Amino acid sequence: MDFEPDSADEAFREEVRAFLKAELPEDLAVRGRAGFLSGHEEAMAWQKILAKKGWSVPHWPVEYGGPKWTARQRYIFDEECYLAGAPVTNIGGIGLVGPVIFTFGTPEQKERFLPGIRNGDTFWVQGFSEPNAGSDLASLRTTAVRDGDHYVINGQKIWTSHGKFGDWNFLLARTDPSAKKQAGISFFLLDIKTPGVTVRPIESLEGSHHLAEVFYDNVRVPVENLIGEENKGWNYTKFLLFNERAFYGAEAPALKRYLQKIKKIASMERAGDQPLINRPTFAARLAELEIEMTAIDMTVSRVIAHGLDERNGGAAVGSILKARGTELAQKLTDMLVETIGDYGAYYYPDTNDEPSLRNLPFTGPDYAPGLMAELIYRRAASIYGGANEVQRNIVSKTLFGF
Amino acid sequence: MELQLSDEQKLILESAQRYATEEYTFDKRRKRVAEGVTIDRAAWSQLAELGWFGIGVPEAAGGFGASTIENTLIAETLGKAQALEPYTMCGVFPARLLTAFRQNEAAQAALENLISGEALVAVAWSEAISRGDPLAIETKASRTADGWVLSGRKTLVVGGDAADLFLVTALEDGKNGTEGLRLFLIGKSVAGLSPEGDKLIDWTSGVDLVLQDVKVDQSTLLASGEDALAVLSSSLDETAVVLCAEAVGAMEGAIEVTSQYIRDRHQYGVSLSSFQVLQHRMADMVMDMVLARSAVMCALQALANAGPAERSAKVAGCKAFVTRIGKWATSQGIQLHGGYGITEEYSVGQFYKRLLVIDSFLGRQDFQLERYTKWMISGLSAT
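Chains are numbered independently. Their residues run from 1 in the order of the written sequence. Written order decides the labels, with chains lettered from A and ligands numbered from 1. Where totals are concerned, whole chains, interfaces and linings use all residues; where local detail is concerned, this predicted model gives features only for residues with pLDDT of at least 70, and gives and counts side-chain atom pairs only at 80 or more.

1. Observations regarding the domain arrangement of chain A
Residues and elements named next belong to chain A. Per the domain assignment, the segments of chain A are domain 1 (7-89), domain 2 (124-231) and domain 3 (249-400). Residue ranges labeled as domains rest on an automatic or database domain assignment. Its C-alpha centre places domain 1 at a distance of 20 Å from the equivalent point of domain 3. Helix and strand labels come from DSSP, where a helix needs a run of H or I of at least four residues and a strand needs a run of E of at least two; each type is numbered from the N terminus. A per-element tally of the side of domain 1 that touches domain 3 places helix 4 (residues 71-84) first, with seven residues. Along the lines of polarity and charge, the residues of the side of domain 1 that touches domain 3 split into seven nonpolar, three polar and six charged. When residue character is reported, Ala, Val, Leu, Ile, Met, Phe, Trp, Tyr, Cys and Pro are called nonpolar, Asp, Glu, Lys and Arg charged, and the others, Gly included, polar.

2. Some thoughts on the interface of chain B and chain A
Across the contact, 38 residues belong to chain B and 33 residues belong to chain A. Looking at the side of chain B that touches chain A, the elements that each hand over two or more residues are strand 3 (147-157), helix 10 (308-337), helix 11 (348-360) and helix 12 (365-382) of chain B. In terms of residue class, the side of chain B that touches chain A is made up of 13 nonpolar, 14 polar and 11 charged. Contacts here follow a simple rule: the backbone-placed C-beta atoms of the two residues must lie within 7 Å.

3. Notes on the packing of helix 10 (residues 317-339) of chain A against helix 11 (residues 371-381) of chain A
Residue and element names in this part refer to chain A. Between helix 10 and helix 11, whose axes approach to 9 Å, the crossing angle comes to 160 degrees. In this view, helix 10 runs roughly antiparallel relative to helix 11, as classed from their interaxial angle. The crossing of helix 10 and helix 11 is left-handed. Contacts between helix 10 and helix 11 pair Thr326, Ala329, Gln330, Thr333, Asp334, Leu336 and Val337 from the former with Leu371, Met372, Glu374, Leu375, Arg378, Arg379 and Ala381 from the latter. Looking at the contact of helix 10 with helix 11 residue by residue, the class counts come to seven nonpolar, three polar and four charged. For helices, the fitted line uses only the C-alpha atoms of the stretch in contact; every axis is such a line through C-alpha atoms, and the angle between N-to-C directions lies from 0 to 180 degrees. Small angles under 35 degrees read as roughly parallel and large ones over 145 as roughly antiparallel, with 65 to 115 read as roughly perpendicular and the rest as oblique. Note: crossing handedness is left-handed where the near helix turns anticlockwise from the far helix by less than a right angle, and right-handed where it turns clockwise.

4. Describing the confidence of the model for chain B
Summary statistics for chain B give a mean pLDDT of 96 and a share of 99% for residues scoring 70 or more. As scored by the predictor, the complex reaches a pTM of 0.96 and an ipTM of 0.96. pLDDT expresses how confident the predictor is about each individual residue, on a scale running from 0 to 100.

5. Re the packing of helix 1 (residues 7-23) of chain A against helix 4 of chain A
All names here are of chain A. Closest axis-to-axis distance for the helix 1/helix 4 pair is 10 Å, and the angle between their directions is 35 degrees. Crossing angle aside, the handedness with which helix 1 passes helix 4 is right-handed. On helix 4, the residues that touch Asp9, Phe12, Arg13, Val16, Arg17 and Leu20 of helix 1 are Arg72, Gln73, Ile76, Phe77, Glu80, Cys81 and Ala84. Residue classes in the contact of helix 1 with helix 4 are distributed as seven nonpolar, one polar and five charged.

6. A look at helix 6 (residues 105-116) of chain B
Residues and elements named next belong to chain B. Expected helix span is given by 1.5 Å per residue-to-residue step, counting one fewer step than there are residues. Over its 12 residues, helix 6 extends 17 Å from the first C-alpha to the last, a length consistent with the 16 Å expected when each residue adds 1.5 Å. Regarding helix 6, the residues found buried are Ala107, Ala110, Leu111, Leu114 and Ile115. Within helix 6, the buried residues cover an arc of 135 degrees as seen down the axis, which keeps them to one side. Tucked inside the fold, the buried residues of helix 6 contact helix 3 (41-49), helix 5 (87-100), strand 1 (121-124), strand 4 (165-172), strand 5 (181-187) and strand 8 (221-224). Residue burial is a threshold on neighbouring C-beta atoms within 10 Å of the residue's own C-beta, all placed from the backbone, with 20 or more meaning buried, 12 or fewer meaning exposed, and counts in between meaning partly exposed. Picture the helix axis, draw a direction to every C-beta atom, and the arc is the one those directions span.

7. Concerning the pairing of strand 4 of chain B
All names here are of chain B. Counted residue by residue, strand 4 has seven buried out of eight residues, so it is predominantly covered. Note: strand 1 against strand 4, four bridges, orientation parallel. Paired with Val123 across the two strands is Leu167, which belongs to strand 4. Two strands qualify as a pair provided DSSP detects at least 2 bridges between them. Pairing between strand 2 (residues 140-143) and strand 4: two bridges, direction parallel. The residue of strand 4 that forms the bridge with Ala141 is Glu172.

8. Some remarks on the environment of Leu355(B)
Residue and element names in this part refer to chain B. Within the secondary structure, Leu355 sits in helix 11. A sequence separation of 226 residues divides Leu355 from Ile129, and the C-alpha atoms of the two residues are 22 Å apart. Here Leu355 is in contact with Ala247, Ala250, Thr323, Gly326, Lys327 and Thr330, once residues within four sequence places are set aside.

9. Structural notes on the nonpolar core
Residue and element names in this part refer to chain B. Any set of buried Ala, Val, Leu, Ile, Met, Phe, Trp, Tyr and Cys residues joined through C-beta atoms within 7 Å is what this text calls a nonpolar core. The biggest cluster of nonpolar side chains holds 217 residues, and the ones touching the most others in it are Cys244 and Val296. For this core, the element with the most residues is helix 8 (residues 225-264), which contributes 15 residues. With residues up to four places along the chain from it excluded, the contact list for Val296 reads Thr72, Val241, Cys244, Ala245, Val248, Cys318 and Val322.

10. Some points on the environment of Ala84(A)
Residue and element names in this part refer to chain A. Checked against the element boundaries, Ala84 lands in helix 4. The class of Ala84 is partly exposed, set by 18 C-beta atoms lying within 10 Å. In this structure, the C-alpha to C-alpha distance between Ala84 and Gly32, residues 52 residues apart in sequence, is 8.3 Å. Aside from chain neighbours lying at most four places away, what touches Ala84 is Leu20, Leu24 and Ala29.

11. Quick word on the domain arrangement of chain B
Interfaces are often described in size by the accessible area the parts lose on coming together. Residues and elements named next belong to chain B. The domain boundaries assigned to chain B delineate domain 1 (7-119), domain 2 (123-224) and domain 3 (227-382). If you average the C-alpha positions of domain 2 and of domain 3, the two centres end up 29 Å apart. Facing the 17 residues of domain 2 at the interface are 20 residues of domain 3. Where the side of domain 2 that touches domain 3 is concerned, the elements lending two or more residues are strand 5 and strand 8. Ranked by residue count, the leading element in the side of domain 2 that touches domain 3 is strand 5, at three residues. Of the residues assigned to the side of domain 2 that touches domain 3, the class counts are nine nonpolar, four polar and four charged.

Following this line, the structure appears as structure tokens:
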């Protein structure tokens, strides 16, 4: 163990910073820093800029357009993007379905779908959860029945992030009703404009409509849009969910951005004639959160540096980081709202969700809009991707065999 | 000492619960939110008819006697019912201030109209830099030949978008601290007064109030200096306790809908309520609610018995504690609902949002803990 900074990594960090400074449009950065989720427009605009540089798919192998970075470089890249306020790209495409396609897809599927994901032309949305299949995903009931060169899909999905912006939908459906749970599920790629697909946005607590339900009424999917083998969809799903936890679970860069924001705003906000940050009852609580963040960050660094081992939680580390990372994010966003005092209670509409509301005057400091929305989104983070209760089950099962 | 509700208090609680169950349904609330109505004056008048604004106001001042205890019973019920009406902030808070200054004719008239529901009164005391401290303000009051000119920006004025009357604090030009504090009662139609903003995250009322060279008569000045501060402080303390009772009601509501939800919801072929981790979570939520209700009683005790310094400290302790555990308990209501919890289509998230808003009123954690800490330390050096 030594803690000498790696000069190549530091040089890479400078390169990323210089790129962000030159290429990240100011309006996107302002919106990204505000805290509202990136919408379709933000994600695709940024993805196109990244694609031009060859940086849009950091986790992908070189033959599919990846930049051949080390895990450490990918992490540095994510961190610098977050801190600069870069929009979040289309996770459904780049992070979730893309790797499934290049790992399990046919050569035709790879050729047809990967460029659109890489270049920011196609926005992908997920169709996994159903009203009665949440944590217990394998109990899903949407069906796909083979009819000639097509499958006919009927059923309903829910919690589809950015559903209303979707161009393509990857979804799970049951192809063998007699098989037991996981065994009869298949993985499909669906053009969302296919007749019979209805997307209904769901209003979230913070007032936006990022989530949606998707209904399928005799929707015909060509056979060539099946991933891998029929009834083997659960295997591809496990692969996808593992990636989701590994790459997005802790969201350590987001934690850093929250801390940076809290400090910046608390230095500007006043409590009487003093900056808020000088108030000991505020600063001490913030310090506790920062200390926890540094431990999470080091845990991520350990995994990046040498993979899983028994000292960092082994195979349970993804669940450890997901549970603790999301819970710290909840505490930090709560503190962020506390930082702006009275304005922390105000409702600010989401201008990424509703671009028509952009550039309208609002009440409160420039940095107020988006903080409350982010606090409320973060309540979902301990639910999606496997609820934290499920993560804790995984931890105790993996480490103790309970 | 008697730590149980009296028969009369039980009656008040039961009638409040009956009213709330009949009048406040989630469907009705959603409809009103969709219509963009923060304060429905018909619903407000009904609360007045029930006598809820006069409770806690002495009979000599035109109220119905009783005390802050009765206010907390009503607020708890309304918190559980997810009432959009700002009972605590526009029913209790201004009534306390007006009662104290009822020797002023306009104040007495305003109090009567508040109690009858004819006038909605908003208190514009907080500013961006206040964070709970009524002296940390920058709105200026400048003397003129026959009155005052007020200029500044007030924040988180509950009822400010619909009020008929405003209680406004300002600092007299050239004076600082307690000595400069001025409290005015002004009508909504005075030139230069404008609400700015939309609503709060829980869809209840709350806006900025901008005062731009607002000219008012000398008669609008209700109080100055020490007099104004003492009444503001005690009124803020009483209001904070009533708000905490509302938080307890919200916790109880979240617990009720969540226990029902996990009973009904099946995953892995069984009811969610069969999972021990969820049983224990709900046990923790209900433990917090029991402690929160006790914390409110500690604060009520301080209101009844303690001197100003101890009273404020204990109320601060109550506010810090109840909002912290209340946010946690209601957030776990969302967690146990899964994705449904973060939608507007289920009621559980509204309880959490109410806690977020209550946390923002009258000073947040930083301020409340500081007040408590200072008092705690001063107690050590005194002995």
